Amino acid sequence: MAQSKVKPKQSPSTAAFEPWNDPNEKPLIQFKGVTKRFGDFTAIDNLTLDIFEREFFALLGPSGCGKTTMMRMLAGFETPTEGQILLSGRDIGDVPPNKRAVNMMFQSYALFPHLSVWDNIAFGLRREKRDKDSIASRVDEMLRLTRLEKFANRKPHQISGGQRQRVALARSLAKAPKLLLLDEPLGALDRKLREETQFELMDIQETTGTTFVIVTHDQEEAMTVASRVAVMDEGKMVQVATPQTIYEAPNSVYVASFIGDVNLIRGTANLRNVATAAPAAPESESETKPEPVTKIETDEDPRKPQPNDYGKWLHDRLLAPILGQRVDEPKALPAPTKAELAAAAELQAPVDVPEGGLTIDWAENTPALIAANGDPEFDGNEVVLALRPEKMGIAKTKPDAPNVMRGKVIDIAYLGNISTYHVELKTGTMVKAQVANTRRVSRRNITWEDEVWVSFSATAGVVLTE
Amino acid sequence: MRQFSWFNATSLTLGFAFLYLPMIILVIYSFNESRLVTVWAGFSTKWYGELLQNEEFLDAAWVTVKVAFFSSTLATVLGTMAAQVLVRGGRFPGRTLFSGMIYAPLVMPEVITGLSLLLLFIGIGLDRGVLTVVLAHTTFSMCFVSVVVSSRLTSFDRSLEEAALDLGASPFDAFRLVTLPIIAPAVISSWLLAFTLSLDDLVIASFTTGPGATTLPIKVFSAVRLGVSPEINALSTIMIGIVTVGVITASLVSKRTALQQARAEQAAARTA
Ligand SMILES: Nc1ncnc2c1ncn2[C@@H]1O[C@H](COP(=O)(O)OP(=O)(O)OP(=O)(O)O)[C@@H](O)[C@H]1O
Ligand SMILES: [Mg+2]
């Protein structure tokens, strides 16, 4: 399996929350070689994993991969067939569910149908033998948090699906447990409420220091809330890393294609010959590119046309006395602003292709693709170049980029803020390129059936083996 | 929908006539003026009046109600516990065997149940009387209770109990505060069922009864051997009435609340 190279930020002075990189940090939860079998079906396969205090740990994976089973073992409803689960260093194998400082929000909510919303939330608090007032104030706080004040006296079957989900959430939050397990807590909420609740959860987590393990099918949600994301497949952890690493440096094709959209280009890797690295695209005119115009560096407003020295002399000495003082009025289009110039400079600046890495032969009679970040160990192997659509550029004229591929626009998906172009390459491979819609529809010039160039930088992709 | 044919109408009439005609005749004759059961001599309620004067019958009725009350209560408690263990107890060796065995008394000939109980009571030297009848009735109505309650428990979302445990309730609290309120309708209707079963049992009661513990069915049976009297008809009519009310209430309670609960649970589960 491919190991992507991500350097962990290893400086103790940074305030970044990365206990998994700190060898002195004691994990809150430790799975030690945990296997769970139902009959001869293996739901969890030899799982070893540490989860730290105050983490927001997201479990991602296809249906049936064992996410709920893992949570149920933490909550105490299933016992591992093999291995140990430690909570704060203590084996919790024979601690019954009602004695664990762990609360779980069930995937099916499991609200008590005969109790009102209020009593559902108060259920756990009452078991702690708290006094009435503190129970009441805590329940009211939870109701306020989940915006259920109006429904306090209703029974679960008298409220909507999303409201039920919030009751379940409130009920599990009420006891402020050390460890909170949320099995798809926000699936039934509309987008706005979901986002608000996500921030609410992060807030709660920051104020109470609770450790969250959350199952979600929504990778955006995982990206938003999680300190680390675990991608599971058939009872195994495929990758456990920060959302950024998972997204930018997936360790396998499985992870890359599970999280977000990805273009997979298969080919053969070759060690990149540094000396001849630059002209990977032979027709590239990168060397002859004119220097970007950076002359107008005056402090005066560059939008007002200014006469040059000669013009000024002519005007002042000759024309003005005869024709009178000329009123300075802009006669041309305003010149670009400094910011616009900077942006243009960046676009036109010769592409800086880092050295090293791999080249990937992916189709005959096409230049090999450059992956400057590819692991040299893959030399000679069949590899997959995983590219995020938003890292792909698309243009009608051949752009100046280390990697370009020719194709035809098959489909355009307009998503409001962005558009996704589905491009069929000459080899028949379909790739997607995502472009931000900064211009209005009429100004965009690429349309169906257009011959286009898809481009990406030398470090845009991740080289993986299957 | 298909036409309601003559054939269907006839078979329905015949079937129901077969089931209910004897009872209807009995009810009609209980309002007969004449002492002779088979001769109609006009409408009267005098046999009901006389019945109320008959000490023996009233005693027997009282014994029957006592037996029915205690045995059905005991059977409900034990049957519910058995159901809880069999449905929820997790896997333990012999579980399938036990769940199968709980149904056996349903099909066991009553004579055999009665006889075996009689032998047991004699064997352990228990004096036969109200207590032995109560125990005997408990044993056979218990399996009805556990069948009804376990069918309710099977359709009951397990995760509710788990949620209760998760929130810190002891297993007993989880049962008391979550399971029991939800299965309550099934428990009540099985109590009513056990009550009516005990009311009309003759065979097992006659095996296990003793002096001073004559139940109404026994009394009726022995009275009939001396000749059918309109008084018996009146008594039987009253018993039919009570049993009918009991059975109808039981089924109404269980049906209505089962419906309600199913709705509530469905709604409470994710509306996917
Ligand atoms: N009690 C059980 N007996 C047998 N198999 C089980 C049991 N519980 C779970 N499984 C199996 O274990 C696997 C993992 O189940 P689990 O509920 O953990 O999936 P999941 O990842 O939560 O899926 P989803 O996203 O659909 O909720 C499934 O294939 C399931 O069929
Ligand atoms: Mg699940």
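Remember, it's a predicted structure, so these values are computed and weren't measured experimentally.

K.L.:
Tell me about the overall build of chain B, and please be specific about residues and values.
P.N.:
Counting secondary structure elements, chain B contains eleven helices and zero strands. Written out in order from the N terminus, the α and β elements of chain B read α-α-α-α-α-α-α-α-α-α-α. Expressed as lengths along the three principal axes of its C-alpha atoms, the size of chain B is roughly 70 × 65 × 30 Å. Looking at chain B as a whole, 39% of its 272 residues are labelled buried. The long-range fraction of contacts in chain B, counting pairs at least 24 apart against all pairs at least 6 apart in sequence, stands at 71%. About 15100 Å² of surface is accessible on chain B, with carbon and sulfur atoms providing 72% of the total. Within chain B, the 16 negative side-chain charges are centred at a point lying 9 Å from the centre of the 17 positive side-chain charges.

K.L.:
Could you give an account of unusual backbone geometry, with specific residues and numbers?
P.N.:
All names here are of chain A. In this model, Tyr 109 sits at a positive phi of 70°, which is unusual for a non-glycine residue. Even without being a glycine, Lys 129 presents a positive backbone phi close to 55°. Along the chain, the position of Lys 129 falls in the loop between helix H2 (117–127) and helix H3 (132–145). On the basis of relative accessible area, Lys 129 is assigned to the exposed category, the value being 69%.

K.L.:
For the sheet that holds strand S2 (residues 41–52) of chain A, give the residues involved together with the corresponding values.
P.N.:
Residue and element names in this part refer to chain A. The strand order across the open sheet formed by four strands is S2-S1-S4-S5, and the pairing between neighbours is antiparallel. At either margin of the open sheet sits one strand with a lone partner, and together these are S2 and strand S5 (90–91). Here strand S1 (residues 27–38) pairs with S2 via eight bridges, running antiparallel. Its bridge partner being in S2, Ile 29 is matched across the sheet by Ile 51. Taken strand by strand, helix H1 (residues 67–75) contacts S1, S2 and strand S4 (82–87), and its axis lies near 120° from that of S1.

K.L.:
Give a detailed account of the environment of B:Pro230, specifying residues and quantitative values.
P.N.:
All names here are of chain B. Along the chain, the position of Pro 230 falls in helix H11 (residues 230–268). Along the chain, Pro 230 and Gln 260 lie 30 residues apart, while their C-alpha atoms are 44 Å from each other. Look past the residues within four positions of Pro 230 in its chain and what remains in contact with it is Ser 34, Arg 35, Val 37 and Trp 47.

K.L.:
Before we move on, can you summarise the pairing of strand S17 (residues 418–425) of chain A with the specific residues and values?
P.N.:
Residue and element names in this part refer to chain A. The sheet contact formed by strand S16 (residues 403–414) and S17 spans seven bridges and is antiparallel. Following the sheet pairing, Asp 411 is matched in S17 by His 422. Hairpin connection of S16 to S17: three residues between the antiparallel strands, including Gly 416 at a positive phi of 90°. Two elements, S17 and strand S18 (residues 430–436), share seven bridges in a ladder whose sense is antiparallel. Looking at the pairing, Ser 419 lines up with Val 435 of S18.

K.L.:
Tell me about the site of ligand 1, and name the residues and values.
P.N.:
All names here are of chain A. In the vicinity of ligand 1, the residues found are Phe 38, Phe 41, Ala 43, Ser 63, Gly 64, Cys 65, Gly 66, Lys 67, Thr 68, Thr 69, Gln 107 and His 217. Between ligand 1 and the protein, one listed contact pairs an oxygen atom with a side-chain N or O atom of Lys 67 at 2.7 Å. Thr 68 places a side-chain nitrogen or oxygen 2.5 Å from an oxygen atom of ligand 1. Protein burial of ligand 1: of its 640 Å² of free accessible surface, 62% is covered by the chains. Elements with a contribution of two residues or more to the shell around ligand 1: S2 and H1. At three residues, the largest contribution of residues to the shell around ligand 1 is made by H1.

K.L.:
Report on the confidence of the model for chain A, specifying residues and quantitative values.
P.N.:
Should pLDDT be low for a region, the predicted coordinates there are not to be read in detail. All names here are of chain A. For chain A, the mean per-residue pLDDT works out to 82, and 84% of the residues sit at or above 70. By mean pLDDT, helix H10 (residues 338–348) is the weakest element of chain A at 66, and H2 is the strongest at 95. Low pLDDT, under 50, characterises residues 1–14; the stretch is placed with 19 contacts to residues that sit more than four places away or in other chains. Below pLDDT 50 for its whole length, residues 275–298 participates in 20 contacts with residues either more than four positions away or in separate chains.

K.L.:
Please set out the coordination of the magnesium ion (ligand 2) residue by residue, giving values where relevant.
P.N.:
All names here are of chain A. Distances from the magnesium ion (ligand 2) to its protein donors, Thr 68 (OG1) and Gln 107 (OE1), fall at 1.8 to 2.4 Å. Taken as a pair, Thr 68 in helix H1 and Gln 107 in the loop between strand S6 (102–105) and H2 lie far apart in primary sequence, 39 residues in all. By relative accessible area, Gln 107 is classed as partly exposed at 31%.

K.L.:
How would you sum up the sheet that holds S16(A)? Please name residues and give values.
P.N.:
Residues and elements named next belong to chain A. A sheet is described by the order of its strands in space; here five strands give the open sequence S15-S19-S16-S17-S18, paired in antiparallel fashion. Two strands lie at the open edges of the sheet, namely strand S15 (393–395) and S18, each paired on one side alone. Each strand of the sheet is rotated relative to its neighbour by a mean of 45°, with strand direction disregarded. Bridge count for S15 against strand S19 (residues 451–456) is three bridges, and the pairing is antiparallel. Note that in S19 the partner of Gly 393 across the bridge is Ser 455.

K.L.:
Provide a residue-level description of the domain arrangement of chain A, including the pertinent values.
P.N.:
Residue and element names in this part refer to chain A. With domains assigned, chain A is organised as domain 1 (13–262) and domain 2 (267–464). Both faces combined, the contact of domain 1 with domain 2 buries some 880 Å², and carbon together with sulfur accounts for 51% of it. Among the residues domain 1 hides against domain 2, the three largest losses belong to Tyr 247, Asp 261 and Val 262. Together they make up 54% of the total. For the interface between domain 1 and domain 2, the tally reads two salt bridges.

K.L.:
Now, about a nonpolar patch on the surface: what can you tell me, with residues and values included?
P.N.:
On the surface, B:Phe4, B:Leu12, B:Phe16, B:Leu19, B:Tyr20, B:Leu21, B:Met23, B:Ile24, B:Ile25, B:Ile28, B:Trp40 and B:Phe43 cluster together into a nonpolar patch covering about 1200 Å² of accessible area. B:Phe16 sits in the partly exposed class, given a relative accessible area of 46%.

K.L.:
Just give me the short version of the interface of chain A and chain B, but keep the residues and values in it.
P.N.:
On the chain B side, the residues contacting the 27 residues of chain A number 25 residues. Around 2300 Å² of area is buried between chain A and chain B when both sides are counted, 60% of it from carbon and sulfur atoms. Between B:Glu162 and A:Arg72 there is a salt bridge; the shortest N-O distance is 2.8 Å. Linking chain A with chain B are seven residue pairs in polar contact (both at pLDDT 80 or more), by the criterion used here. Broken down by secondary-structure element, the contributors of at least two residues to the side of chain A that touches chain B are H1, S6, H2 and helix H4 (161–174) of chain A. The class makeup of the residues in the side of chain A that touches chain B is 13 nonpolar, eight polar and six charged.

K.L.:
Would you mind going over the side chain of B:Ser30 in detail, with residue names and values included?
P.N.:
Residue and element names in this part refer to chain B. Within the element layout of this structure, Ser 30 appears in helix H1 (residues 6–30). Separated by 3.2 Å, the side chains of Ser 30 and Thr 237 make a polar contact. Apart from residues lying up to four places away in sequence, Ser 30 is in contact with Ser 44, Trp 47, Tyr 48, Asn 233, Ala 234 and Thr 237.

Rules used throughout
Residues numbered from 1 in each chain as written. Chains lettered and ligands numbered in written order. Predicted model: local features only at pLDDT ≥ 70, side-chain atom pairs only at ≥ 80, totals over all residues. Heavy atoms only, no water. Helix = DSSP H or I, 4+ residues; strand = E, 2+ residues; numbered from the N terminus. Buried < 20%, exposed > 50% of the residue type's maximum accessible area, 1.4 Å probe, protein only. Contact = heavy atoms within 4.5 Å. Areas by Shrake-Rupley, 256 points an atom, 1.4 Å probe, with all protein chains shown as cover. Lys, Arg positive; Asp, Glu negative; His and termini not counted. Charge placed at Lys NZ, Arg CZ, Asp CG, Glu CD. Pairing = 2+ DSSP bridges. Axes fitted to C-alpha atoms, helices over the stretch in contact; angles between N-to-C directions. Near = heavy atom within 4 Å. Polar contact = N/O pair within 3.5 Å; in protein donor to acceptor, adjacent residues only side chain to side chain. pLDDT = per-residue confidence, 0-100. Donors = N, O, S within 2.8 Å, 3.2 Å for Na, K, Ca; no water. Domains from an automatic or database assignment. Buried area = accessible area lost by both parts, 1.4 Å probe. Salt bridge = Lys/Arg side-chain N within 4 Å of Asp/Glu carboxyl O. Patch = residues over 30% accessible without salt bridge, like charges linked within 9 Å, V, L, I, M, F, W, Y side chains within 5 Å. Nonpolar A, V, L, I, M, F, W, Y, C, P; charged D, E, K, R; others polar.

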